[in-house]
Each structure stands twice: as structure tokens, then as C-alpha cells.
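One-letter residues, chain by chain:
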Amino acid sequence: MFTAIFGSVEQGIIYAIMALGVYLTFRVLDFPDLTVDGSFVTGAATAATMITLGYNPIISTLCATLAGFVAGSITGLLHTKAKINSLLAGILMMIALYSINLRIMGMTIDTAVGRPNIPLANSDSLFTLFFGFWEKLGIDKALNGMLTSMGIEHVPNTWGTIFIMFILTFAIKFIFDWFLKTEVGLAIRATGDNNKMIRSFSASTDTLIILGLGLSNGLVALSGALIAQYGKFADVGMGIGMIVIGLASVIIGEAIFGTKTIVRTTLAVIFGAIIYRIVLALALQVEFLDTGDMKLITAVIVVIALVVPTLRAKQKEKSRIAKRRAERVAGVVKQEGKTIA
């Protein structure tokens, strides 16, 4: 059980970067961007291809992020310049990226035809580069020894992944928070809140939408590149349902931690992604469920995350109405008492 939860936290902190990208489009820009399912794989495919061809994992990961940025920007251009419906623009780009991703992965073979997956079992990655330094610190031995003394039999092979990903994810979070408070970031937020108002101030909403979608899909592609290096493979189908996972992370985080400030909301999104992976891992521990039920479990989690806050809000409203009614009745009784006296 501990190993399953630990693995879920590792994956959750990586997927949290993707969830931040989804938050930027769906919550900040109010743009239903379905490019995510394709750009996630674009990041994974670009990074895996470049690593296989011998490029440095850091450069490969940065190029994967740039590829995602370009994909998101094209979706923005389709919507703003070609005047295609936002939902349809995302769908068209997602479909186009399927073939593009096959072509990208096909660059690793001589014929350069479409290739559905790339194994990275024997290749270096960001994680293997870091592990060389991490192992010299002796932290794994100390932490696993402590867990063993507490009676936990199955301990993680390394704590390095979770350590480096917490640093990277929270660094991105702080940059994200800072960006949304800059002049451009505030303009992007204003565009999502009231497009017509920000346009009346002579701001180029088209440029802001393109930039926002580019940054969002850049984060998504970065997450895909990291997942490919973490799982040691890239597959053309690994992005299916990614938008739902991102939305689940955002909704769960907002429902539990609230959305009073940008800093609090982005933190909620990160922990929402982690909680989602933990809930998914615990659900798969149930005997009659298996890995083929993951999409069904995801749908159920999202439904619960959407319904529970609504029910809580209704309950609070009922309590508020009942309290006002009781205060009103008490006031009437008190007034009648004074009249009789």
C-alpha cells in the first residue's frame, strides 16, 4: 500500500505541471482547449526522439516544451485569426497532432515513417542524470532505514524522483504565480473574465489568447516529456483522456483548498493532481477493479468532485436561510412581547 501511494505521489507531482496548464486555459482564459490530449504526447514524443538520437535530456525536454508551445499557439491562431470555434479549433489540432506525433517518433528509424512508441529503457534521462548526484548523498539509505524500523517492508528504490519533481514543480508554480501578476498576466486574466472590456482598452486579445494557449500547452508538453522519461517510454496513445485528468486535478484541488488567491489556487491545483493519483491508486486496490477501469474511475472521481461542492453550497444556503428565518421569528416574538407588556 505504501509503495502504491508513494508511486502515486511521484506521478501526481509530474502531472501537476500539466494540471497548471489546463488551469491556465479553462479557468484563467475560459477557453475549452482540447489540444491537451495531443500536446501531451507531442512533448513525450519530442523528448523521447531527441534522447534516442543522442541529444542531452535537458535540451530534449526544453525542445519538447517549445513544441507544445507551438502546438498551443496554432490552436490560438485557428481560433483568433481563422475564426474557428474554440472547441473545434482544439479538436482539429488534437487530431492533427496524432499524425504529427507519429512522424516525430518515426524520426528514430531509417524509413522515417510513423512509429507508435519509443522505449527509453537504456537511455539517459533527466532523472538518471540527477540520480548520479543523489546517490552520493545517502538520503535514500537513511529514509528507507527509518521506514524499515517503523515496520514498513516495501520501501521505494529512490526518493530522488519525488525530491527533484517537488523542486521543479514548485519552481514552475512560483514563476506561474509571478507571471499572472505581471501586466501581461493580468491582461490574460482580464481577457478570460471579460473579453470585450479588455479590448476596449486597446489590448490585443487575439495575441493574449495565442500566448495563453501556447504557455498552457508548453506546460502540458513539459509534463509529457517528464512522464516519458519517468516511465521510460513514449506512446502515441498516452495522451488519451489527459484533459479529463487535468480537469479532475483542478476541480478536486479547488473543492478542497479553495480559490481565494492565485497563489492558493495554483497550490490547490498541484495538490489536486497528487490527491487524484492517490485516489486512483487506492481505487485500483479494490479486488473487482483493474487497470482497464481507470477511465471509468476517473469519470466517477470528476463527477464526485463536481457534485459534492454543489451539494455543500446548497446545504450552506439552506442553513443560512433557516438562520435568517429563526432570527426573524425571534425578532417578531420579541416585538410582540414588548407590545403586550
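Preceding this section is the structure that the text describes.
Described in the following lines is the structure provided in the data block.

Definitions and cut-offs
- Residues numbered from 1 in each chain as written.
- Predicted model: local features only at pLDDT ≥ 70, side-chain atom pairs only at ≥ 80, totals over all residues.
- Heavy atoms only, no water.
- Helix = DSSP H or I, 4+ residues; strand = E, 2+ residues; numbered from the N terminus.
- Buried < 20%, exposed > 50% of the residue type's maximum accessible area, 1.4 Å probe, protein only.
- Contact = heavy atoms within 4.5 Å.
- Areas by Shrake-Rupley, 256 points an atom, 1.4 Å probe, with all protein chains shown as cover.
- Lys, Arg positive; Asp, Glu negative; His and termini not counted.
- Charge placed at Lys NZ, Arg CZ, Asp CG, Glu CD.
- Salt bridge = Lys/Arg side-chain N within 4 Å of Asp/Glu carboxyl O.
- Phe/Tyr/Trp six-rings, centres within 6.5 Å; stacked < 30°, edge-to-face > 60°.
- Patch = residues over 30% accessible without salt bridge, like charges linked within 9 Å, V, L, I, M, F, W, Y side chains within 5 Å.
- Core = buried A, V, L, I, M, F, W, Y, C linked by side-chain atoms within 4.5 Å.

## With respect to the overall build of the protein
For step 1, the next point in the chain: Helix and strand counts for the protein come out as 13 helices and two strands.
For step 2, the next point in the chain: Overall, the protein is about 100 × 65 × 40 Å in size when its C-alpha atoms are taken along their principal axes.
For step 3, the next point in the chain: Burial status across the protein gives 45% buried among its 341 residues.
For step 4, the next point in the chain: When contacts within the protein are restricted to residue pairs at least 6 apart in sequence, those whose partners lie at least 24 apart make up 75%.
For step 5, the next point in the chain: Only carbon and sulfur atoms are counted for the fraction: they give 66% of the accessible area of the protein, which is about 17500 Å².
For step 6, the next point in the chain: One way to put it: in the protein the 28 positive side-chain charges average out to a point 12 Å from where the 21 negative ones average out.

## A look at the pattern of salt bridges
For step 1, the next point in the chain: A full pass over the atoms with the stated rule returns four salt bridges.
For step 2, the next point in the chain: The partner of Lys81 in a salt bridge is Asp206, and the shortest N-O contact between them spans 3.5 Å. Of this pair, Lys81 sits in the loop between helix H3 (57–80) and helix H4 (86–106) while Asp206 sits in helix H10 (residues 205–231), placing them 125 residues apart in sequence.
For step 3, the next point in the chain: Of the residues examined, Lys81 reaches a relative accessible area of 54% and is grouped as exposed.
For step 4, the next point in the chain: Overall, the relative accessible area of 22% leaves Asp206 in the partly exposed class.
For step 5, the next point in the chain: For Asp177, the salt bridge identified is with Lys173, shortest N-O distance 2.7 Å. Pair noted here: Asp177 and Lys173 are both in helix H7 (residues 160–180), with a separation of four residues, about one helical turn. Neither residue differs from the other here; Asp177 and Lys173 are each classed as buried.

## Brief notes about the packing of aromatic side chains
For step 1, the next point in the chain: Taken as a whole, this structure holds eleven aromatic pairs when the rule is applied.
For step 2, the next point in the chain: Centre to centre, the rings of Phe127 and Tyr230 are 6.3 Å apart; their planes meet at 75°, and the pair counts as edge-to-face. Of this pair, Phe127 sits in helix H5 (residues 126–137) while Tyr230 sits in helix H10, and the two are 103 residues apart along the sequence.
For step 3, the next point in the chain: Since its relative accessible area comes to 26%, Tyr230 is described here as partly exposed.
For step 4, the next point in the chain: Geometrically, the ring pair formed by Phe130 and Phe163 is stacked, given 6.4 Å between the ring centres and 15° between the ring planes. Placement of Phe130 in helix H5 and of Phe163 in helix H7 is noted, with a sequence separation of 33 residues between them.

## A word on a nonpolar patch on the surface
For step 1, the next point in the chain: Taken together, Leu66, Val70, Ile74 and Leu77 make up a surface patch of nonpolar side chains, about 320 Å² in accessible area.
For step 2, the next point in the chain: Of note, Leu77 is situated in helix H3.

## Considering the nonpolar core
For step 1, the next point in the chain: With 76 residues, the main nonpolar core has Met18 and Phe40 as its most contacted residues.
For step 2, the next point in the chain: Sort the elements by how many residues they give to this core and helix H1 (residues 2–28) lands first, with 15 residues.
For step 3, the next point in the chain: Setting aside chain neighbours within four positions, we find Met18 in contact with Phe40, Leu219, Val220, Ser223, Met242, Ile245 and Gly246.

Purely geometric numbers; function is a separate question.
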